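Coordinate inspection notes
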Amino acid sequence: MPNVLPISSMVVASDADDESVARDRPITGNDLETLGVSDNFLAASGFEAKLGQAALLPEQSPVVIAIGLGTEELTVADVRSAAASLSRACEQLESVTTLLPLVAAPTLGAEVALQAVIEGFLLASYRFDELKGFPESGSRLNRITLIAPDGIDSDVVLKKAGAVADAIALARDLVNRPGGSLTAVQLADEAVAVGDSSGLEVEVWDRDRLTEEGCGGILGVNAGSSEEPRLVRLTWRPKGESRATLHLVGKGITFDTGGLNLKTFEGMKEMKIDMGGAAAVIGAMSAISAYSPDITVIGTCCCTDNQPGPNATKPGDVLHIRNGKTVEVLNTDAEGRLVLADGLSLAAEDKPDLVIDLATLTGACLVALGQKYAGLMGNDEGAISRVETAATQAGERVWHLPLPPEYRKQLDSQTADLQNIGSGRFGGTLVAGLFLQEFVGDSPWVHLDIAGPVTTDDTEGEFPKGATGFGVRTLLELVTGW
Ligand code: BES
Ligand code: MN
Ligand code: ZN
C-alpha cells in the first residue's frame, strides 16, 4: 500500500455532536481575541492568514493551530492545500480536530469540502521511502477529527477520498521509483496488479505479441534494451449499457537515456520520470471502480526503456507503426512519440468518443510553460474544452497550445511517410503534437504534455518534493463528469 496516512485515522463528526468535539472545539478567526492572541503576535510570527500558512498559537492547551485561508473564494484545490498545511503543522501531534470541512462547505458543498480536506491530509503525508535503509519517522497523527455539516454520507466520501489519494500516491510511487527498480515488465506487472484488484479487464502484450500486432514504434525504441517491452491495457466496463468510450494512453518510458542520441548528464539524470503519463493512467484506472461510471474506460500504457546498444535503432532507420505509416527516426531521443504512435493507432481503432494521451514528451514544453503547467493540444474543440474543464475542476493547470498546420511540413521525410523530429529549431512541443496527430485518425483527441508538472522541485500544498501524480485527477474528473 502506498505511503499515506491510513484512511482509518479519519473520524468525521458533525458540529451537533458534543463529547470529544466539544472538548477540542476548533476555533475560527473570530475567537482569536478570546484566546488572548494579539494581532501583534501574529504579525511578529509572520502569519498573515495567506492560503497555505500555518501558525502555532502561544500558550494554548490543547494546542491551537491557525490556518490561513486567504481572502479569495476557496476552490477545492485551495482547501486541499490548507488541509495539507494543517497536516504538516501537526505532524508531531497524535490527534487533531478541524473545522475546515465546515468552513469550506458553504462555497464547495459539504461532500466536496470534506473530500478535499481528507485528500489534503492524506496526500501531504505522502513519502517515498521504500528505498531508504533508514527511513525517517513520518507523521505521528493517528486520529483526525473532521467537523463537517450534519447529514452527509461520510462513509461514501471517505471511500472516494481514500481511492483518489491512493491513486495519486501510486502514480507518485511509480514516477519516484528509479529506472533500475522499475523496468517495463515491472511497470506492466504493477498495472496488472491494479487491474486484478479493482476488477478491470487486463491485457498484456509482450515482445512477440507486439511484433505480431505490428507495433514497430514500441519495438524500435526497445531495440537497444536488454529489457522486454510491454503494452498493457486495463478496461473498465460498466455493468449496464455503456454511454460512451474513453481511451487513455500513457507514455511509459521507464528510463530515457536518449538512445544512440545519448543525453548529457544534466538531461539524463531525471529521466526515471519518463513514464509519468503511464503512471497517471494506471493511477486513474485504480480509482475508477470506486466511482462505477456508466461509460467504458480503456487505459493503454506503452512501456519500454530507451537505451543505446549494438541493436539500438540508429538515426536514419525507418520504423513501421501500427496504423501503417512509416517513420524515419532522425533522433532516437524523440522516442515518446514513437511509442505513442502505436498506442494512439490502437486507441483510434476502437472509434472511442475521446482519446486522451499523457506524456512527458518535450523539454520544449518546460521552456514554454515552466514546471507548473501542462501543454494541451487537440484536434477537436469539444474534446479540448471537456479536458480543460476537467483540469480546472481537478485544480491541475493546463494551457491550450495550437497544432499549427503551417508547421506540419517540418515532419516530411525524404525516405518515409514522416520523420520523428521537425526540420526547424523552434516550437518543439507543437511539432511533437503534430506528429502524434498523424496516428489518431478522426477520433476526437487531446494530448497533454506533462513534462513540467510531473514533478515539483519544492514541497507545496499537498505536493511533497518529487513526483506529483499529475494527471490522475484530471482523468478522474473527465470520467466522472462525462
Ligand atoms: N523525455 C524527454 C522529454 C523531457 C525532457 C521530459 C525534460 C521531462 C523533462 C523526451 O523523450 C525527449 O528527450 N525529448 C526531446 C525531443 C527532441 C529530441 C526533439 C527533447 O525535448 O529534447
Ligand atoms: Mn527522449
Ligand atoms: Zn522521453
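Computed from a predicted model, the values in this text were never measured in an experiment. (Residues numbered from 1 in each chain as written. Chains lettered and ligands numbered in written order. Predicted model: local features only at pLDDT ≥ 70, side-chain atom pairs only at ≥ 80, totals over all residues. Heavy atoms only, no water.)

Below, the discussion takes up the overall build of the protein. A tally of helices and strands in the protein yields 16 helices and 18 strands. Dimensions of the protein along its principal axes, counting C-alpha atoms only, are 80 × 50 × 45 Å. When burial is assessed residue by residue, the protein has 54% of its 482 residues classed as buried. Accessible surface, the protein as shown: approximately 20,400 Å² in total, 49% of it carbon and sulfur. (Helix = DSSP H or I, 4+ residues; strand = E, 2+ residues; numbered from the N terminus. Buried < 20%, exposed > 50% of the residue type's maximum accessible area, 1.4 Å probe, protein only. Areas by Shrake-Rupley, 256 points an atom, 1.4 Å probe, with all protein chains shown as cover.)

Our focus in this paragraph is the side chain of Glu396. Note that Glu396 resides in the loop between helix H14 (381–394) and strand E14 (398–400). Buried within the structure, Glu396 lacks any salt-bridge partner; its nearest side chain of opposite charge belongs to Arg473, at an N-O separation of 5.3 Å. Those residues in contact with Glu396, other than ones at most four positions away along the chain, are Ala391, Gly469, Phe470, Gly471, Val472, Arg473 and Thr474. (Lys, Arg positive; Asp, Glu negative; His and termini not counted. Salt bridge = Lys/Arg side-chain N within 4 Å of Asp/Glu carboxyl O. Contact = heavy atoms within 4.5 Å.)

Next up on the list: the sheet that holds strand E1 (residues 10–14). Pairing between the strands of a sheet is mediated by backbone hydrogen bonds and can be parallel or antiparallel. Taking strand neighbours across the sheet as the criterion, the three strands line up as E1-E5-E4 in an open arrangement whose pairing is parallel. On the outer flanks of this sheet lie E1 and strand E4 (95–98), each paired with one strand and no other. Taking each pair of neighbouring strands and ignoring which way they run, the sheet shows an average axis angle of 20 degrees. Pairing analysis gives five bridges linking E1 to strand E5 (residues 143–148), with the strands arranged parallel. When the sheet's bridge partners are listed, Val11 is paired in E5 with Thr145. The sheet contacts of helix H4 (residues 100–108) involve E4 and E5, and relative to E5 the element is tilted by about 35 degrees. (Pairing = 2+ DSSP bridges. Axes fitted to C-alpha atoms, helices over the stretch in contact; angles between N-to-C directions.)

On to the packing of helix H7 (residues 184–197) against helix H11 (residues 276–288). Where H7 contacts H11, the two axes come as close as 9 Å, and the packing angle between them is 15 degrees. When the axes of H7 and H11 are compared, the pair comes out roughly parallel. Taken as a pair, H7 and H11 cross one another with a handedness that is left-handed. Between H7, through Leu187, Ala191 and Val194, and H11, the contact on the second element is made entirely by Ala278, Ile282, Met285 and Ser286. Within the contact of H7 with H11, the residues separate by chemical class into six nonpolar, one polar and no charged. (Parallel < 35°, antiparallel > 145°, perpendicular 65-115°, else oblique. Left-handed = near helix turned anticlockwise from the far one by under 90°. Nonpolar A, V, L, I, M, F, W, Y, C, P; charged D, E, K, R; others polar.)

What follows covers the coordination of the manganese ion (ligand 2). Bound to the manganese ion (ligand 2) are the protein donor atoms Asp256 (OD), Asp333 (O), Asp333 (OD) and Glu335 (OE), situated 2.1 to 2.2 Å from the metal. Taken together, the six donor atoms coordinating the manganese ion (ligand 2) and their angles of 71 to 169 degrees define a geometry best described as irregular. Linear spacing of the donor residues for the manganese ion (ligand 2) on their chain is D-x76-D-x1-E. A gap of 3.2 Å separates the manganese ion (ligand 2) and the zinc ion (ligand 3), which Asp256 links by coordinating each metal. (Donors = N, O, S within 2.8 Å, 3.2 Å for Na, K, Ca; no water. Tetrahedral: all angles 85-135°; square planar, octahedral: opposite > 155°, others 65-115°.)

Let us look at the coordination of the zinc ion (ligand 3). Each protein donor to the zinc ion (ligand 3) is listed here as Lys251 (NZ), Asp256 (OD), Asp274 (OD) and Glu335 (OE); together their distances run 2.0 to 2.5 Å. Of note is the zinc ion (ligand 3), whose six donor atoms meet at the metal with angles of 78 to 174 degrees in an arrangement that counts as octahedral.

Looking now at the pairing of strand E12 (residues 354–359). Among the six residues of E12, six are classified as buried, and the element is accordingly described as predominantly covered. Burial of E12 is two-sided: the residues Leu354, Ile356 and Leu358 facing one way and the residues Val355, Asp357 and Ala359 facing the other way are all buried. As judged from the five bridges shared by strand E8 (residues 245–256) and E12, these two strands associate in the parallel manner. Residue pairing for E12: Val249 is matched across the bridge by Asp357. Both E12 and strand E16 (residues 445–449) contribute to a ladder of five bridges, which runs parallel. Paired with Leu358 across the strands is Leu448, a residue of E16.

The environment of ligand 1 is formed by 17 residues, the closest being Lys263, Asp274, Asp333, Glu335 and Gly363. In the model, a nitrogen atom of ligand 1 is placed 2.9 Å from a nitrogen or oxygen of the Asp274 side chain. Measuring from an oxygen atom of ligand 1, one finds a side-chain N or O atom of Glu335 at 2.8 Å. Listed by contribution, the elements that provide at least two residues to the shell around ligand 1 are E8 and helix H13 (363–369). Of the residues belonging to the shell around ligand 1, the class tally is six nonpolar, four polar and seven charged. (Near = heavy atom within 4 Å. Polar contact = N/O pair within 3.5 Å; in protein donor to acceptor, adjacent residues only side chain to side chain.)

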